[in-house]
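# Observations on the three-dimensional arrangement
Here are the chains, one letter per residue:
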Amino acid sequence: MAYGQQTQRVIQAVRTKISSRALEPGEKLPSIRGFASSMNVSPSTVVEAYDRLAAEGIIFARKGSGFYVSPNTQPFTVSEIGPHLDREIDPFWVSRQSLDTGSEMLKPGCGWMPADWMPTGSLRKALRTLSKADDHLLCDYASTRGASNLRRLLARQFAAEGIEADPNQLLLTGSATQSLDLLCRFLLRPGDRVLISDPCYFNFQAILKAHQVEMISVPYTKTGVDCEQFEQAILEYKPRFYVSNSSLHNPTGVTLSPQAAHQILTIASRHDLILIEDDVFSEFMPAMTPRLTALGGFDRVIRLGSFSKTLSASVRCGYIATKPEWVEALLDLQVATNFGGPSPIATELIYTCMNDGSYRKHMETLRMRLAKARREVSANLAEIGIQSWLMPEGGFYLWSRLPEGVDSAELARAALQQNMVLAPGDVFSPTQSMGHFMRFNVSQMGDPMTYEILSDVIANL
């Protein structure tokens, strides 16, 4: 970690203590040496942080006595309040901690890559182009299906996989999350049952819970969903659909083999089950892999995706690809809930970036960088007793087993006090049976302090 970043981390820690009322106006701050020890930084870093806070009027020095909270400190904004240490660890936990804490936090548990891993040069270039766009693009609502140029680009990408998809079979949405929400509105009624894997992406659980349906989970293995239990669950519970990732399953990193994909499709066909394929990670794969949509078409499979992981989480846009008659019904739902497709500015920005040859080069470089990071992070974690469950073929997640006796929720809570956000295993587990696992984002683990904090916290649990 750079020296300036260490200082910012200490500053944020003090701000958090003040905003959460752990330190009241007029109260004395921890000693420089004591705070340096608890934050795993040098005393000079704490001195600089205290001096900067004093310059802002947030604290003041009393000669020979130390530093105190200023009696006239103004309240911080909600975004400055920092991590919620007492929040229940549930499917919302990682999202809330990752989104609401500042950029100075270490975030091995978050679900996106750092800004300096993203194609910011292409984004800035596209923004300059957009500044000269037609007034209608800058001011008007989107069409109900979303921008036709981006839908045509997606249709060409589908064709490269051997999938026939008319652009009118593609519906642009606000995000992959909104895509799943629309599909739930379309396909489900309260009390219905939905099949998910154990573990699975925690926000699947959050969305399904919001729709008041019953979640039925099936174990996920190193080759994909346990197909025997998958079929047994369909027979017993008659779920409305199954939702999962085919490429780079979140959180495990598993990619389906052709045999596993065929088996899932065969079982689904036999029992008339709808399959929703979340395809947000497939571009991180070094080569094209079997996807349910490519093998089974749109008769039974719905694909959803987005551009947040590869391009920008700040420019939200997702898509749904399905059969034409379902698109028509989803259009009405999108109008009812969003009054049209995603922002024309967002879709034009995405189209401009993706239609640029630099995007392909960015992805090629990114895949190589991530492959190196996965190897290095896995080796570094192993040195402190954390073992990778498997080595994924692509992407930025490692699903890892903690040392014997270490509970991931306890570890996450303790790490949060050291300004680190982790993703404990049970937030991904409908059955709460993954307490000995943790999901790590390798792109967020370039700071050596990450491993020092993990090691220290594990030793003190």
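Residue positions are given per chain, counting from 1 as you read along its sequence in written order. Thresholds applied to this predicted model are a pLDDT of at least 70 for local features of residues and 80 or more for the giving and counting of side-chain atom pairs; totals over whole chains, interfaces and linings are not thresholded and use all residues. Note that the side-chain values use all heavy atoms of the structure and ignore hydrogens as well as water.

### Let's talk about the overall build of the protein chain
Heads up, the condition is: Strands here mean DSSP runs of E at least two residues long; helices mean DSSP runs of H or I at least four residues long; both are numbered from the N terminus. Exposed residues in this analysis have more than 50% of their type's maximum accessible area, buried residues have under 20%, and partly exposed residues fall in between, with area computed by a 1.4 Å probe over protein chains only. Here, two residues are considered to be in contact whenever any of their heavy atoms come within 4.5 Å of each other. Computed with a 1.4 Å probe, the accessible areas rest on the Shrake-Rupley method; for each residue, only the protein chains presented here act as cover. For the purpose of counting charges, residues Lys and Arg are taken to be positive, whereas Asp and Glu are taken to be negative. His and the chain ends are not included. By convention, charge coordinates are those of NZ in Lys, CZ in Arg, CG in Asp, or CD in Glu.
Within the protein chain one finds 17 helices and 14 strands. Of all 461 residues assigned to the protein chain, the portion counted as buried reaches 54%. In the protein chain, once contacts between residues fewer than 6 apart in sequence are set aside, the share between residues at least 24 apart is 73%. By element, 50% of the accessible surface of the protein chain is carried by carbon and sulfur atoms, the whole surface being about 20000 Å². Across the protein chain, the centroid of the 44 positively charged side chains sits 5 Å from that of the 48 negatively charged ones.

### Some remarks on the pattern of salt bridges
Note the following rule: A side-chain nitrogen of Lys or Arg and a carboxyl oxygen of Asp or Glu constitute a salt bridge if their distance falls within 4 Å.
Following the criterion strictly, the structure yields 16 salt bridges and no others. Of the charged contacts, one joins Glu161 and Arg303 as a salt bridge, the two residues approaching to 2.9 Å between their closest N and O atoms. Separated by 142 residues along the polypeptide, Glu161 in the loop between α7 (148–160) and β3 (170–173) and Arg303 in strand β9 (residues 301–306) bring together distant segments of the chain. Neither Glu161 nor Arg303 differs from the other in exposure class; each is buried.

### Focus: the nonpolar core
For clarity, the cut-off: For this analysis, a nonpolar core means a set of buried residues of the types Ala, Val, Leu, Ile, Met, Phe, Trp, Tyr and Cys, connected via side-chain atoms within 4.5 Å.
In terms of nonpolar packing, the biggest core is built from 125 residues, with Phe230, Phe241 and Leu275 touching the most fellow members. The greatest single-element share of this core, amounting to seven residues, is contributed by helix α15 (residues 357–383). Phe230 has contacts with Leu195, Val218, Val225, Tyr242, Ile264, Ile267, Leu273 and Leu275, leaving out every residue within four places of it along the chain. Counting residues in each nonpolar core, the second largest holds 19 residues, with Ala13, Val14, Leu23 and Ala49 among its members.

### Looking at the packing of aromatic side chains
Each aromatic ring pair is specified by the distance between its two centres and by the angle formed by the two planes. For clarity, the threshold we go by: Centres within 6.5 Å are what make two rings of Phe, Tyr or Trp a pair, Trp counting through its six-membered ring; a difference in plane orientation under 30 degrees is then read as stacked, over 60 as edge-to-face, and the rest as tilted. Counting as a charge over the ring demands two things of the Lys NZ or Arg CZ atom: a distance within 6 Å of the ring centre and an angle within 35 degrees of the ring normal.
A full pass over the atoms with the stated rule returns 18 aromatic pairs. Here Phe186 and Trp326 contribute two aromatic rings whose centre-to-centre distance is 5.7 Å and whose plane-to-plane angle is 75 degrees, an arrangement assigned as edge-to-face. One end of the pair, Phe186, is in helix α8 (residues 176–187); the other, Trp326, is in helix α13 (residues 324–338), and 140 residues separate them in sequence. By relative accessible area, Phe186 is classed as partly exposed at 21%. Three or more aromatic residues joined by ring pairs form one cluster here, namely Tyr201, Phe202, Phe204, Trp399, Phe428 and Phe437. Over the ring of Trp326 we find Lys323, and its NZ or CZ is 4.3 Å from the ring centre. The aromatic ring of Tyr397 is capped on one face by Arg439, whose charged end is 4.0 Å from the ring centroid.

### Digging into the sheet that holds strand β13 (residues 423–424)
Short version of the rule: Two strands form a pair only when DSSP identifies at least two bridges running between them.
Read across the open sheet, the four strands follow the order β11-β12-β14-β13; overall the sheet is antiparallel. The open sheet terminates on both sides in strands that have one partner only, identified here as β11 (387–388) and β13. One ladder, built from five bridges, connects strand β12 (residues 397–401) with strand β14 (residues 437–441); its direction is antiparallel. Bridging across to β14, Tyr397 finds its partner in Asn441.

### What to know about the environment of Ile18
On the secondary structure map, Ile18 appears in helix α1 (residues 3–19). The buried category is assigned to Ile18, whose relative accessible area is 3%. Taking the C-alpha atoms as reference points, Ile18 and Ile58, 40 residues apart in sequence, are found 9.1 Å from one another.

### Remarks on the packing of helix α10 (residues 227–237) against helix α11 (residues 258–270)
Definition in use: Fitted lines through C-alpha atoms serve as axes, helices being fitted only where they are in contact, and the angles separating the N-to-C directions of these axes extend from 0 to 180 degrees. Roughly parallel covers angles under 35 degrees, roughly antiparallel covers those over 145, roughly perpendicular covers 65 to 115, and oblique covers all other angles. Note on convention: near helix rotated counterclockwise from far helix by under a right angle means a left-handed crossing. Clockwise means right-handed. Throughout this entry, Asp, Glu, Lys and Arg are counted as charged residues, while Ala, Val, Leu, Ile, Met, Phe, Trp, Tyr, Cys and Pro are counted as nonpolar. The remaining residues, Gly among them, count as polar.
The contact between α10 and α11 brings their axes to 11 Å, and the two run at 15 degrees. By the angle between their axes, α10 is roughly parallel relative to α11. Regarding α10 and α11, the two cross each other, and that crossing is right-handed. The residues of α11 that touch α10, namely those facing Cys227, Phe230, Glu231 and Ile234, are Gln263, Ile264, Ile267 and Arg270. Its residues assigned to classes, the contact of α10 with α11 shows five nonpolar, one polar and two charged.

### Concerning a nonpolar patch on the surface
Filter applied, for reference: Two joining distances apply to patches: 9 Å for like charges and 5 Å for nonpolar side chains (Val, Leu, Ile, Met, Phe, Trp, Tyr), and every residue must have over 30% relative accessible area and no salt bridge.
On the surface, Tyr141, Val335 and Phe339 cluster together into a nonpolar patch covering about 360 Å² of accessible area. Looking at the secondary structure, you find Phe339 in the loop between α13 and α14 (344–354). Taking relative accessible area as the criterion, Phe339 reaches 52% and is therefore assigned exposed.

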